[in-house]
Amino acid sequence: MAEVSQPAVSVIPEDEGKEKFKKSKDVAFYRRQLRGPNLQHRVLLDTMVLTEKGARFELLEPDTQTTLLLCVSPCKNDTVRILIDELQPIKARYRVQDVLTGEAQCARLRVEGQSKDCVTLSWSAGRHQVCVWRFPFRLEILCEDKVMVTFNSKGKLWFETLQDPPGFLAVFFFFLLMFTPFGSELHDDHAHLLWKETFRQFEDIKANGPSSIGSDLCLHGFSHVYGLPEHADGLQLRDTSDGDPYRLYNLDVFAYDLYSRLGLYGSVPLLVAHRPDRTVGVFWLNASETFVNVGYSMSAPPDGQTPALKRRQMEPQTDVHWLSESGVIDCVVLLGPGPQQLFTQYAQMTGYQALPPLFALGYHQSRWNYDDEADVKAVDAGFDRHDIPYDVIWLDIEHTEGKRYFTWDSALFPEPANLQRHLEERKRKLVVITDPHIKIDPGWWLSNEARNGGHFVKNRDGQIYEGSCWPGNSNYLDFSSPDTRAWYSRCFSLDKYKGSTPSLFVWNDMNEPSVFDGPEQTMPKDAVHYGRWEHRELHNLYGFYQHMATAEGLITRSGGLERPFVLSRSFFAGSQRLGAVWTGDNVASWEYLSISIPMLLSLSVTGIAFCGADVGGFFQDPEPELLLRWYQAAALQPFFRGHSAKGTKRREPWLFGEKVTAAIRTAIQQRYCLLPYWYTLFHLAHTTGLPPLRKGYRSFYPNPHRPLWVEFPGEQSTFGVDHQYMIGGALLASPVTDPGVQEVRVLLPGSDEVWYEVHTAKAHKGGRTLRLPVTLDTVPVFQRGGSVVCRSTGSGSCTAEQQQLPLSITVALNSEGLADGELYLDDGHSFGYRDRKAFCLRRFSLLSGRLLCRSRSEEGTFDCNVIIQSVTVLGLKSKPSTVVLHASGARDSFAAFEWTESCGMLTVNRLKLRVAMDWEMEIHEGYHVNVNNSATSSTVFDLSMDPKHQENEDSIRKQ
């Protein structure tokens, strides 16, 4: 039951430690590329061919006589794709599939200039150019005649060609050819290590020998770069010259180290560089193990200048070195020029964020594990009893029959469909876990179907691969196969998944994949997938493919009518199309609470907006203050789930005393009140990501949750901030992440901005750092002047109830007296918004004292009865005299209102304005009104008693 007595302590289980994971020094291809020679490639300019997709050249490495094919493809959306492959490989090299959503529209190139040393090609009316230098090969990308990015600037291009399985002499000559001419034989990488690599007791056989690739890029004028999740590190990437590189290799890392560059559960190989006047990105489309070195420096000016002039003309640059174990070089440079354009360019390549069902933005309650059906019902009732809203309760692996997924423990969960119906009666959902490993059991239909259908990964000897995970000996589904994904999707049908109902949703865990007895606790790289591809080629795609198959299964279950909800621990570029992700097995400590903010911001920068961290920490037991602060922070982040490990104390929100319960209740209720705003932001992220520019001062960006520099790209003071962030363009959040704090410092960007404290309505000028007192009950949140935010007037018990509640609008005026905002509504669960245009998109704008509600889209057909109950305007310079309402199909009328002098706040209550109708509110000044309340802080104006009001109303009626 939910409120039973708890054990005194719980600890993190014993673990063999982080030595089971490789460091860069343990990886042979990384050592080879760093210690090996810089191979001086030459462009054969006479091989240039201009094609409908760009230009192609041949590259020659003179010492090895290796010939490569270079393709340069500029696109009309201001991106440049650089693709390098073997000219004549012994077999095709692996290219990442299913991540890019379609071919970008290529721009035709034309020759601007040519000499024996280089050729310059241009497109986009000459605004952009690429300059290809013959020897040593480098490729410069210019914008407005200024070099932005140089590919292979330091000559680190590396491309190991595929080899036929060798005899001893072939190995010897390959080793001789690769290293002897350069006098740089690798002391510890002997010839046999090129084909076989050993780590601890694990042996990795490379079927076609070493096949690693790499190159460097110079980002000119940049000293701040971001991205490359997932790492437990700060938002801005650090210089790696004095330590380990950033590793992109999906791994199951228990209680991961903080401020580490070790790869975690997911990988997005997107790096974003920003400076006040420009944003560029580099997308390295490769799913094999990848390392990234980052170096910040100042570039040297041309020779022949005086030392003083050289110092004045020095500019920063960032050098980025990518190294991958296999595949091809497939690198896309995104040219911005601003954050908005760059994020749109990336979304056009890899897809926009999926629009989640509304319930998924509510609060989720999870634990490993809720004991049985009675326990689930007791926890569900506990939320109602304590007046805390929530939407979803989760079941971990113990709900299954012997850890066989798609089953239920017959003793603990004998009537799972009835349990789901019990929750559905309260408009709540159930989420269950499905991992990619399948228990080896000849008596289990799922195991037999998968085996007979050829749906399992094989080992290098062609037998079905076996590894160990929660069920013991297991086989692993090969989600890279379209047939396997289709079969797996069908497993979610109601007739196959016994005990499931349409209100059951899914959680993919352990899908890096996690293999307890495998190298680095994952699958061997020489395991074999669909198409005879080795696992090394597509390792980082494994979880992405399971996520895809699961989402497609839930969509298929509903006949394509209902939006899915799937949470995945592992991810790759493009995972934003499929659902949500989270930061994995964190720990109940203040340090993990603090690091969760930059971890989530890094995900947001790389397109994965629906992300969160386990509230309270997965391992260990949080003290009450930590748990409360974590709830307050997570309520202001996209995905909001409380989750804890087996063996930890129960931590339902009401188990920590009434004071803590009340504060947690407030945090969750405020989250629910803000859901109309969150849902609108996800709509914007899901569609074009490019709503119209805000009246002369800003625009929206595709991600609901973003670093400050994204919203204030010209302000260098924001570039290193990763403890506070923007929710959309309107709200600034600065969660408290340290114990015992009584005062916080909050950066309020923008010298011409006005910021209003959400809880007090007090106004502050931007462009400074504010010292703000806080209590356990408060978390600093500010509304930006010039914005309109829609909230529910209450929280209800879940999102289904919250949808029926009236709305309140908060209009925060900027220094020019303007404000603008949007509200998106639909049924909250189906694809009707897409298929039948069943949505309602409204715009609220205040100009010259007139607040207008108008349609933002001519397509929307969703006829909702939601009403606006109250309007609050912040930042008025003087008290109004009258407020007049003009609504379609109704007589104009005057409205009673309240005035708060201390913060210039106007509040109009008891309204019944339909959101779907056009209406406007005129705020007049200069008339005498009767005061019906003598309080100094808030004054109520009852206009019905004023003769002037009566005269004006008569005039309006006549009109």
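The preceding data block contains the structure.
Residues numbered from 1 in each chain as written. Predicted model: local features only at pLDDT ≥ 70, side-chain atom pairs only at ≥ 80, totals over all residues. Heavy atoms only, no water.

Peer 1: Mind showing me how you'd approach the overall build of the protein chain here?
Peer 2: Check the secondary structure of the protein chain and you find 18 helices and 52 strands. Expressed as a percentage of its 959 residues, the buried residues of the protein chain come to 63%. Look at the contacts in the protein chain between residues 6 or more apart in sequence, and 71% of them connect residues 24 or more apart. Of the roughly 34,800 Å² of accessible surface on the protein chain, 50% is carried by carbon and sulfur atoms. (Helix = DSSP H or I, 4+ residues; strand = E, 2+ residues; numbered from the N terminus. Buried < 20%, exposed > 50% of the residue type's maximum accessible area, 1.4 Å probe, protein only. Contact = heavy atoms within 4.5 Å. Areas by Shrake-Rupley, 256 points an atom, 1.4 Å probe, with all protein chains shown as cover.)

Peer 1: Please clarify how the pairing of strand E12 (residues 202-205) should be interpreted in this entry.
Peer 2: For a regular strand, side chains alternate in direction, first toward one face of the sheet and then toward the other. Covered by surrounding structure in E12 are Phe202 and Asp204 only, the residues Glu203 and Ile205 on the alternate face being uncovered. Relative to E12, strand E11 (residues 196-199) runs antiparallel, the two sharing four bridges. Its bridge partner being in E12, Glu197 is matched across the sheet by Asp204. Hairpin connection from E11 to E12: two residues lie between these consecutive antiparallel strands, with Arg200 at a positive phi of about 55 degrees. (Pairing = 2+ DSSP bridges.)

Peer 1: Would you mind showing me how to read unusual backbone geometry here?
Peer 2: With glycine set apart, most residues show a phi of negative sign, and most peptide bonds adopt trans. Omega for the bond connecting Phe135 with Pro136 falls within 30 degrees of zero, at -15 degrees, which places this linkage in the cis form. For Pro136, the position within the fold is in the loop between strand E7 (128-133) and strand E8 (138-143). Cis rather than trans, the peptide bond between Gly336 and Pro337 has omega equal to 20 degrees. Phi at Lys403 is positive, roughly 60 degrees, even though this residue is not glycine. Take Lys403: it is sitting in the loop between strand E22 (392-395) and helix H6 (416-425).

Peer 1: Before we go on, may I ask you to explain the sheet that holds strand E1 (residues 42-51) in this structure?
Peer 2: In a beta sheet, neighbouring strands are held together by backbone hydrogen bonds and run either parallel or antiparallel to one another. Taking strand neighbours across the sheet as the criterion, the eight strands line up as E1-E2-E3-E4-E20-E17-E16-E14 in an open arrangement whose pairing is antiparallel. At either end of the open sheet lies a strand with only one pairing partner, and these are E1 and strand E14 (225-227). Taken over all neighbouring pairs, the strand axes of this sheet differ in orientation by 20 degrees on average, direction set aside. Where strand E3 (residues 66-75) lies against strand E4 (residues 79-86), eight bridges are found, and the strand directions are antiparallel. Bridge pairing links Cys75 to Thr79 in E4. Lying on the sheet, helix H4 (residues 339-350) is in contact with E4, strand E16 (270-275), strand E17 (278-284) and strand E20 (329-334); it crosses E17 at an angle near 20 degrees. (Axes fitted to C-alpha atoms, helices over the stretch in contact; angles between N-to-C directions.)

Peer 1: Honestly, the packing of aromatic side chains in this entry has me stumped. Any pointers?
Peer 2: The relative placement of two aromatic rings is captured by the distance of their centres and the angle of their planes. Inspection of every chain in the model, using the stated rule, returns 45 aromatic pairs. Consider the rings of Phe831 and Tyr833, whose centres lie 6.4 Å apart with planes at 35 degrees: the pair is tilted. These aromatic residues form a ring-pair network of at least three members: Phe359, Trp394, Phe505, Trp507, Phe565, Trp582, Phe610, Phe639 and Phe682. The ring of Phe135 carries the charged tip of Arg42 above its face, separated from the ring centre by 4.5 Å. (Phe/Tyr/Trp six-rings, centres within 6.5 Å; stacked < 30°, edge-to-face > 60°. Lys NZ or Arg CZ within 6 Å of the ring centre and 35° of its normal.)

Peer 1: Help me understand the packing of helix H5 (residues 373-385) against H6, please; the structure alone is not making it clear to me.
Peer 2: Axis angle and axis distance: for two packed helices, these are the angle between their axes and the distance between the axes, and together they describe the pair. Running from N to C, H5 and H6 cross one another at 5 degrees; their axes reach a closest spacing of 11 Å. One finds that H5 runs roughly parallel with respect to H6. On the side of H5, the interface is formed by Glu373, Val376, Lys377 and Asp380, while H6 contributes Pro416, Leu419, His422 and Leu423. When grouped by side-chain class, the residues that make up the contact of H5 with H6 number four nonpolar, one polar and three charged. (Parallel < 35°, antiparallel > 145°, perpendicular 65-115°, else oblique. Nonpolar A, V, L, I, M, F, W, Y, C, P; charged D, E, K, R; others polar.)

Peer 1: I'm lost on the pattern of salt bridges in this one. Help?
Peer 2: Two side chains that carry opposite charge are able to pair once their charged atoms sit near each other. Tallied over the full model, the rule gives 55 salt bridges. The salt bridge partner of Asp380 is Arg428, with a shortest N-O separation of 2.9 Å. Residue Asp380 is located in helix H5, and its partner Arg428 is located in the loop between H6 and strand E23 (429-433); the two are separated by 48 residues in the primary sequence. Neither Asp380 nor Arg428 differs from the other in exposure class; each is buried. (Salt bridge = Lys/Arg side-chain N within 4 Å of Asp/Glu carboxyl O.)

Peer 1: What is the right way to look at the sheet that holds strand E36 (residues 754-757) in this model?
Peer 2: If you walk across this open sheet you meet the six strands as E32-E33-E34-E39-E36-E37, and the pairing is antiparallel. Strand pairing shows two members of the sheet lacking a second neighbour, strand E32 (705-706) and strand E37 (763-765), which therefore form its edges. Where E36 meets strand E39 (residues 781-784), three bridges bridge the pair, whose relative direction is antiparallel. Bridge assignment links Glu757 to a residue of E39, and that residue is Phe782.

Peer 1: Help me understand the state of the cysteines, please; the structure alone is not making it clear to me.
Peer 2: As used here, a disulfide is simply a covalent bond connecting the sulfur atoms of two cysteines. Per the stated rule, a full pass over the model turns up zero disulfides. Sulfur of Cys790: no disulfide; nearest cysteine sulfur belongs to Cys853 and is 8.5 Å away. (Disulfide = S-S within 2.5 Å.)

Peer 1: Where do I start with H6 in this structure?
Peer 2: Each α-helix turn comprises 3.6 residues. Residues three or four places apart therefore point the same way. Within H6 the residues assigned to the buried category are Pro416, Ala417, Leu419, Gln420, His422 and Leu423. The inward-facing, buried residues of H6 contact H5, E22, E23 and strand E27 (504-508). Looking one or two residues past H6, Lys427 carries a phi angle of roughly 65 degrees, positive in sign.

Peer 1: I would appreciate a short explanation of the side chain of Asn250 in the present structure.
Peer 2: Counting through the fold element by element, Asn250 comes out in the loop between strand E15 (246-248) and E16. Using a relative accessible area of 0% as the deciding quantity, one classes Asn250 as buried. Within polar-contact distance, the side chain of Asn250 engages the side chain of Ser570 at 3.2 Å. Discounting chain neighbours no more than four positions away, the residues touching Asn250 are Leu264, Tyr265, Gly266, Ser267, Glu512, Thr522, His539, Asn540, Ser570 and Phe571. (Polar contact = N/O pair within 3.5 Å; in protein donor to acceptor, adjacent residues only side chain to side chain.)

Peer 1: Please explain the environment of Asp621 as it appears in this structure.
Peer 2: Looking at the secondary structure, you find Asp621 in the loop between strand E30 (611-612) and helix H12 (624-634). A relative accessible area of 24% means that Asp621 is categorised as partly exposed. Expressed as a C-alpha distance, the spacing of Asp621 and Gly647, which sit 26 residues apart in the sequence, is 9.6 Å. Reaching out from Asp621, the side chain makes a polar contact with the backbone nitrogen of Lys649 at a distance of 2.8 Å.

Peer 1: Sorry if this is basic, but what is going on with helix H10 (residues 542-557) here?
Peer 2: The terminal C-alpha atoms of H10, which comprises 16 residues, lie 23 Å apart, in line with the 22 Å expected from a rise of 1.5 Å per residue. The buried fraction of H10 amounts to 13 of the 16 residues, a majority that puts the element mostly inside the structure. (Expected span 1.5 Å × (residues − 1).)

Peer 1: Sorry, what's going on with the nonpolar core here?
Peer 2: The tendency in soluble globular proteins is for nonpolar side chains to be buried side by side. In this structure, Val99, Phe283, Leu430, Leu541, Phe565, Trp709 and Ile727 are the most contacted members of the largest nonpolar core, which totals 158 residues. The greatest single-element share of this core, amounting to 10 residues, is contributed by helix H11 (residues 590-605). In this view, Phe565 contacts Pro357, Phe359, Ala360, His364, Trp394, Val431, Phe505, Val506, Leu554, Ala580, Phe610 and Phe639; residues no more than four positions away in its chain are not counted. Counting residues in hydrophobic clusters, the runner-up holds 50 residues, among them Leu109, Val130, Val282 and Val333. (Core = buried A, V, L, I, M, F, W, Y, C linked by side-chain atoms within 4.5 Å.)

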